[in-house]
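Structural description and commentary
Take a look at the letters that make up each chain.
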Amino acid sequence: MKFAYRFSNLLGTVYRCGNLNFTCDGNSVISPVGNRVTVFDLKNNKSDTLPLATRYNIKCVGLSPDGRLAIIVDEGGDALLTSLVCRAVLHHFHFKGAVHSVSFSPDGRKFVVTKGNLAQMYHAPGRKREFNAFVLDKTYFGPYDETTCIDWTDDSRCFAVGSKDMSTWVFGAERWDNLIYYALGGHKDAIVGCFFESSSLDLYTLSQDGALCVWQCDTPPEGLRLKAPTGWKADLLQREDGAEREATVHGKATPAAEEQQGKVKYSRAAKYFFNKEGDFNHLTAAAYHKKVHLLVTGFASGIFHLHELPEFNLIHSLSVSDQRVSSIAINGSGDWIAFGCSGLGQLLVWEWQSESYVLKQQGHFNSMVSLAYSPDGQYIVTGGDDSKVKVWNTLSGFCFITFTEHSSGVTGVTFTTTGYVVVTSSMDGTVRAFDLHRYRNFRTFTSPRPTQFSCVAVNSSGDIVSAGAQDSFEILIWSMQTGRLLDVLSGHEGPISGLCFNPTKSVLASASWDRTVRLWDMADSWRTTETLALTSDALAVTFRPDGAELAVATLNSQITFWDPENAVQTGSIEGRHDLKTGRKELDKITAKHSAKGKAFTALCYSADGQSILAGGMSKFVCIYHVKEQILRKKFEISCNLSLDAMEEFLNRRKMTEFGNLALIDQDAMEEGGVPIPLPGVKKGDMSSRHFKPEIRVTSLRFSPTGRCWAATTTEGLLIYSLDARMLFDPFELDTSVTPVQIRAALCQRDFTRAILMAFRLNERKLLQEALESVPWDEIEVISSSLPDLYVEKALEFLASSFEESRHLEFYLIWTQKLLMAHGQKLKCRVGTLLPAVQFLQKSIQRHWDDVSKLCDWNRYSLQYALAVSKQRGLKRPSEPPGSEQEADAPEGDDNSLHLLRRGPGDGDGPLA
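Residues numbered from 1 in each chain as written. Predicted model: local features only at pLDDT ≥ 70, side-chain atom pairs only at ≥ 80, totals over all residues. Heavy atoms only, no water.

1. Structural notes on the packing of aromatic side chains
Applying the stated criterion across every chain, the model contains 37 aromatic pairs. With centroids separated by 5.7 Å and ring planes inclined at 80°, the aromatic side chains of Phe-453 and Trp-478 adopt a geometry described as edge-to-face. Here Phe-453, found in strand β38 (residues 453-458), pairs with Trp-478, found in strand β40 (residues 475-479); they are 25 residues apart in sequence, far enough to count as distant. In this structure, Phe-453 and Trp-478 share a single accessibility class: buried. Between the NZ or CZ atom of Arg-36 and the centre of the ring of Phe-7, over which it lies, the distance is 3.9 Å. Positioned above the aromatic ring of Phe-620, the side-chain terminus of Lys-634 is 4.8 Å from the ring centre. (Phe/Tyr/Trp six-rings, centres within 6.5 Å; stacked < 30°, edge-to-face > 60°. Helix = DSSP H or I, 4+ residues; strand = E, 2+ residues; numbered from the N terminus. Buried < 20%, exposed > 50% of the residue type's maximum accessible area, 1.4 Å probe, protein only. Lys NZ or Arg CZ within 6 Å of the ring centre and 35° of its normal.)

In structure tokens form, the structure reads like this:
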């Protein structure tokens with residue numbers, strides 16, 4: 001089994017905090033999610049997480065005007081210069097302080113960051129290699145409190161900075177003679193946004209109390225004059241430009257000239273208020289589109305307004321959430337508006353002209369507890385403490401259905417073998433079955449007396465549903481068909497922690513805190529066949545995919561393996577040292593001593609059953625070899641220091657003579673918080689508290705295809721997949737196998753030898769070239785001549801090619817001929833080939849769904865076209881050539897009808 005698994009995508013969470021950005025083409029939204037960045041492609045309906053991570057949660061993201069570079073800054077002031085083209089980190093930089101916002105100039109030559117009460121302007125990194133990508137140009141002082149926002153003029157001559165001291169400062173990007181800085185007041189609360197008008201120095205400023213000030217400038221951008229240099233620069237220019245420049249630079253200006261060369265002045269033209277009646281809370285976010293003159297403002301109550309400036313005409317007033325709007329962005333054309341709500345983790349893209357949603361996603365705003373893959377690997381279902389059940393598409397990364405029937409936290413989720421039914425258990429005392437065809441809850445299973453369910457399992461046929469009770473220590477069995485309670489299994493003396501059905505037999509394994517695992521035989525009236533005695537409390541149990549082995553995780557950090565037939569322990573793994581738990585900020589003991597109470601709480605076998613995944617109360621996920629009982633690889637799921645229990649040792653700088661600084665609410669000064677809870681202060685929510693969630697892994701699952709595995713963590717739903725682009729894995733390679741030899745064999749039409757050499761070199765492009773060079777009518781002969789060792793590799797390549805190639809029929813012919821020629825021999829190796837076959841089924845099923853939907857939508861059009869072609873086929877022999885009906889036929893009609901009448905074997909092949 002290969003272990004080149006790399007992080008590929010982050011699901012379950014779409015937005016945490018920070019600012020949203022649209023790409024240059026306006027088709028994608030860049031959203032910060034914790035310490036990662038996710039790009040949502042709205043045109044192709046796909047999401048992708050960049051393979052990078054910061055040390056803390058991301059605070060702001062600045063995008064270059066050409067869309068190639070992004071500056072990602074976290075809460076600690078660390079910045080990553082990232083290339084969005086090659087998806088790689090180019091440079092690391094530390095701003096030595098918390099940064100609130102970052103913005104590139106429109107010409108892309110400079111960028112400004114606001115840090116503390118000052119603004120710093122840097123030279124933007126170019127496309128050439130540089131030793132230091134960030135070179136400080138100027139530092140601007142002026143505000144007395146923290147700076148909050150930045151905006152540039154269209155010509156990159158000036159920029160404006162808003163501050164919490166209720167002032168807005170206009171600075172010149174160059175040394176202008178008539179504009180060094182200009183301070184604007186007029187507000188009674190902190191500035192939320194400041195925006196320049198298009199091709200002008202006119203300015204709009206917005207404050208938290210819902211006030212909008214319109215400022216007019218008496219000087220156009222072209223009226224800014226460069227300041228004359230002095231000192232050694234003047235002497236240098238004098239020598240270069242001659243004596244004529246001396247009189248101009250050093251001459252004394254007359255009073256009339258001084259009046260003509262006056263300074264830039266601003267005057268307030270108007271002042272508007274959003275919440276005159278007090279219906280809304282304070283303003284929290286704003287964005288302005290200069291070309292369309294569209295102002296979008298978001299409020300703490302979840303309401304947003306659309307106004308047309310400068311007349312301040314209200315266009316829309318709608319609510320997107322009941323939580324505060326944290327960030328707003330508008331795409332380049334001004335059609336789409338993105339909203340981010342950090343309270344519930346919502347991300348919405350709204351088209352304001354048609355008043356419709358382009359994207360509407362929300363993750364679990366509490367921790368995710370469980371997950372399950374569908375049998376074909378296309379979908380993932382997750383359940384969380386927020387009582388919601390969400391189904392995610394693994395290809396697009398989007399959630400397409402959310403079930404909210406549960407009234408308490410969801411503790412377990414699973415798919416039936418058909419893949420169209422999701423069964424969930426909850427602390428509300430119900431087990432529910434959801435239909436993915438009609439998206440409804442069609443079965444609700446309850447217990448005779450109120451209880452809380454901690455886990456759920458469904459047998460291989462999908463007829464029997466079982467759930468374990470946390471308080472009554474019983475296991476309840478229901479019928480999926482009738483919904484009736486069939487049996488109540490008693491015998492455990494502690495809460496049920498895990499249930500799992502044997503994939504091949506009618507045996508149910510139950511793990512409990514009473515240090516036992518019981519095996520129940522469904523065929524023998526649910527009699528307990530075996531009781532496996534453990535050394536500690538059982539936390540998780542799972543069967544191997546072939547049902548011949550049972551794995552149990554216990555509280556003493558051990559994983560024990562059992563033979564379910566003979567009830568004999570076959571091995572054990574000690575995982576205490578592999579967990580490497582961290583120390584919480586408020587822990588009184590070291591991480592080494594706290595690790596004694598930590599254990600694996602989630603287990604999952606790989607698709608081939610040779611390895612097992614284990615995760616628990618730690619930031620690591622371990623993968624062990626079952627037979628050798630050794631650690632194969634350890635994955636660090638997060639490096640985010642904004643989470644608790646991430647570091648092994650405490651930071652001594654936070655320890656003072658008065659105690660730990662972690663006991664103080666550090667974010668009391670943040671937006672929406674209480675500044676200082678003094679007597680008489682009524683601002684903010686007095687009950688709000690800041691806490692750091694603890695890093696942990698709650699559930700693990702391997703995809704049935706064997707190509708990826710998923711983990712529900714504090715960060716979200718993490719997907720790790722095999723990355724073939726980064727892996728060079730030759731097979732039986734020798735010196736005679738080269739790309740030149742492969743192409744020479746293709747020129748000689750020796751296709752079998754070329755394909756075998758391409759598989760041995762194992763380069764994807766050469767494999768694709770070799771397979772697609774085969775004529776479609778020779779595929780049957782060549783596929784039958786392939787050795788059995790290469791058939792599995794061919795099926796894996798075909799499955800991955802279905803996801804990206806447009807030659808659908810050609811690869812379907814290859815698949816059909818391979819399975820027809822080697823089907824009987826493949827049945828003998830069904831255990832090892834099952835992941836490859838399921839991966840192939842997943843790829844073909846996706847195309848079948850797309851084509852079937854397309855045919856359903858165009859069913860009547862196809863019937864009409866076929867009826868017309870049939871009618872013309874009957875009339876055509878009796879009509880003379882060149883008749884009126886034939887002349888009136890539209891151009892290209894015969895070709896289209898010929899395509900409709902073609903069979904799958906007609907024509908010159910899919911590559912013609």
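Let us keep going from here.
2. As for the UniProt feature "repeat: WD" (unreviewed entry) in the chain
In this structure's numbering, the residues bearing the UniProt feature "repeat: WD" (unreviewed entry) are residues 361-393, 403-444 and 489-530. As annotated, residues 361-393 has a helix share of 0% and a strand share of 58%, and its two end C-alpha atoms lie 13 Å apart. (UniProt positions renumbered as here; feature names shortened; annotations may be inferred.)

3. Some details on the sheet that holds strand β36 (residues 430-435)
Two modes of strand pairing occur in sheets, parallel and antiparallel, and in both the strands are linked by backbone hydrogen bonds. Strand order in the open sheet formed by four strands is β34-β35-β36-β37, and the pairing between neighbours is antiparallel. Looking along the sheet, the strands with just one partner apiece sit at the ends: β34 (410-415) and β37 (440-446). The sheet shows a mean angle of 20° between the axes of neighbouring strands, taken without regard to direction. (Pairing = 2+ DSSP bridges. Axes fitted to C-alpha atoms, helices over the stretch in contact; angles between N-to-C directions.)

4. Quick word on the sheet that holds strand β49 (residues 568-574)
Taken together, the four strands give an open sheet; going across it, the order is β46-β47-β48-β49, and neighbouring strands pair in antiparallel fashion. In this open sheet, the two edge strands, each paired with only one partner strand, are β46 (538-543) and β49. Strand-to-strand twist of the sheet, defined as the mean angle between neighbouring strand axes without regard to direction, takes the value 20°. Where strand β48 (residues 558-563) and β49 come together, six bridges link them in antiparallel fashion. Residue pairing in the sheet places Ile-559 in a bridge with Ile-573 of β49.

5. Focus: the packing of helix α8 (residues 764-772) against helix α10 (residues 788-802)
It is the contact of α8 with α10, at a shortest axis distance of 12 Å, that shows an interaxial angle of 95°. It follows that α8 is roughly perpendicular to α10 by the angle criterion. Taken together, the residues of α10 that come into contact with α8 (itself represented by Arg-764, Leu-767, Gln-768 and Leu-771) are Phe-797, Ser-800 and Ser-801. Considered class by class, the residues forming the contact of α8 with α10 number three nonpolar, three polar and one charged. (Parallel < 35°, antiparallel > 145°, perpendicular 65-115°, else oblique. Contact = heavy atoms within 4.5 Å. Nonpolar A, V, L, I, M, F, W, Y, C, P; charged D, E, K, R; others polar.)

6. Points about the packing of helix α7 (residues 751-761) against α10
Two elements in contact, α7 and α10, have axes whose closest approach is 11 Å; the angle formed by their N-to-C orientations is 70°. Considered as vectors, α7 and α10 are oriented roughly perpendicular to each other. Seen from α7, the contacting residues are Leu-756, Phe-759 and Arg-760; seen from α10, they are Tyr-790, Lys-793 and Ala-794. Here the residues of the contact of α7 with α10 sort into four nonpolar, no polar and two charged.

7. Describing the side chain of Gln-361
Structurally, Gln-361 can be placed in strand β29 (residues 356-362). Excluding residues within four positions of it along the chain, Gln-361 makes contact with Val-14, Gly-345, Gln-346, Leu-347, Trp-392, Phe-398 and Cys-399.

8. Description of the state of the cysteines
Tallied over the full model, the rule gives zero disulfides. The cysteine Cys-194 is free of any disulfide, with Cys-149 supplying the nearest cysteine sulfur at 3.7 Å. The exposure class of Cys-194 is buried, given its relative accessible area of 2%. (Disulfide = S-S within 2.5 Å.)

9. A short note on the environment of Val-113
Topologically, Val-113 is positioned in strand β11 (residues 110-115). Under the relative-accessibility criterion, Val-113 is labelled buried at 1%. Considered as a pair, Val-113 and Thr-139 are 26 residues apart in the sequence and their alpha carbons are 9.8 Å apart. Not counting residues within four places of it along the chain, the set of residues in contact with Val-113 comprises Phe-95, Val-99, Ser-101, Val-102, Leu-118, Ala-119, Gln-120, Tyr-122 and Ile-150.

10. Side note on the pattern of salt bridges
Inspection of every chain in the model, using the stated rule, returns 25 salt bridges. For the salt bridge of Arg-157 with Asp-155, the shortest nitrogen-to-oxygen distance reads 3.1 Å. Measuring nitrogen to oxygen at the nearest pair gives 3.4 Å for the salt bridge that ties Glu-769 to Arg-743. Of this pair, Glu-769 sits in helix α8 while Arg-743 sits in helix α6 (residues 739-747), placing them 26 residues apart in sequence. You can call Glu-769 partly exposed: its relative accessible area is 31%. Three or more residues are tied together by salt bridges with common partners; here these are Lys-110, Asp-137, Lys-138 and Glu-174. (Salt bridge = Lys/Arg side-chain N within 4 Å of Asp/Glu carboxyl O.)

11. Quick notes on the confidence of the model for the chain
Within the chain, residue pLDDT values average 83, and 85% of them lie at 70 or more. Note that residues 724-728 has pLDDT below 50 and, in this model, five contacts with residues that lie over four places away or in other chains. Low pLDDT (under 50) marks residues 877-912, which in the prediction has 26 contacts with non-local residues, meaning those over four places away or in another chain. (pLDDT = per-residue confidence, 0-100.)

12. Focus on α7
Side chains three or four residues apart in an α-helix point the same way, a direct result of the helix having 3.6 residues per turn. Judged by how many residues are buried, α7 sits mostly within the fold: eight of 11 residues are covered. The complete set of buried residues in α7 reads Phe-751, Ala-754, Ile-755, Met-757, Ala-758, Phe-759, Arg-760 and Leu-761. At its buried positions, α7 is contacted by α6, α8, α9 (779-785), α10 and α11 (808-827). One or two steps after α7, the chain reaches Asn-762, where phi turns positive at roughly 60°.

13. So, the nonpolar core
Grouped together as the largest cluster of nonpolar side chains are 36 residues, with contacts concentrated most on Ile-742, Ile-755, Val-774, Trp-814 and Leu-818. If you list the elements that add at least two residues to this core, you get α6, α7, α8, α9, α10, α11 and α12 (830-857). For this core, the leading source of residues is α10, giving eight residues. Both domains that meet at this core, namely domain 3 (734-771) and domain 4 (775-861), each give it at least three residues. Judged by nonpolar contacts, the second largest core, of 24 residues, contains Ala-602, Ile-637, Leu-718 and Leu-722. (Core = buried A, V, L, I, M, F, W, Y, C linked by side-chain atoms within 4.5 Å. Domains from an automatic or database assignment.)

14. A few points about unusual backbone geometry
One can expect most non-glycine residues to show negative phi and most peptide bonds to be in trans. A cis amide bond, omega 5°, links Leu-309 with the succeeding residue Pro-310. Residue placement: Pro-310 occurs in the loop between β24 (303-308) and β25 (313-319). Here the phi dihedral of Phe-473 falls at roughly 60°; this positive angle occurs in a residue that is not glycine. Structurally, Phe-473 is set in the loop between β39 (464-469) and β40. Not every positive phi belongs to a glycine, and Arg-515 is a case in point at roughly 65°. For Arg-515, the position within the fold is in the loop between β43 (507-512) and β44 (516-521). For Arg-515, a relative accessible area of 44% translates into the label partly exposed.

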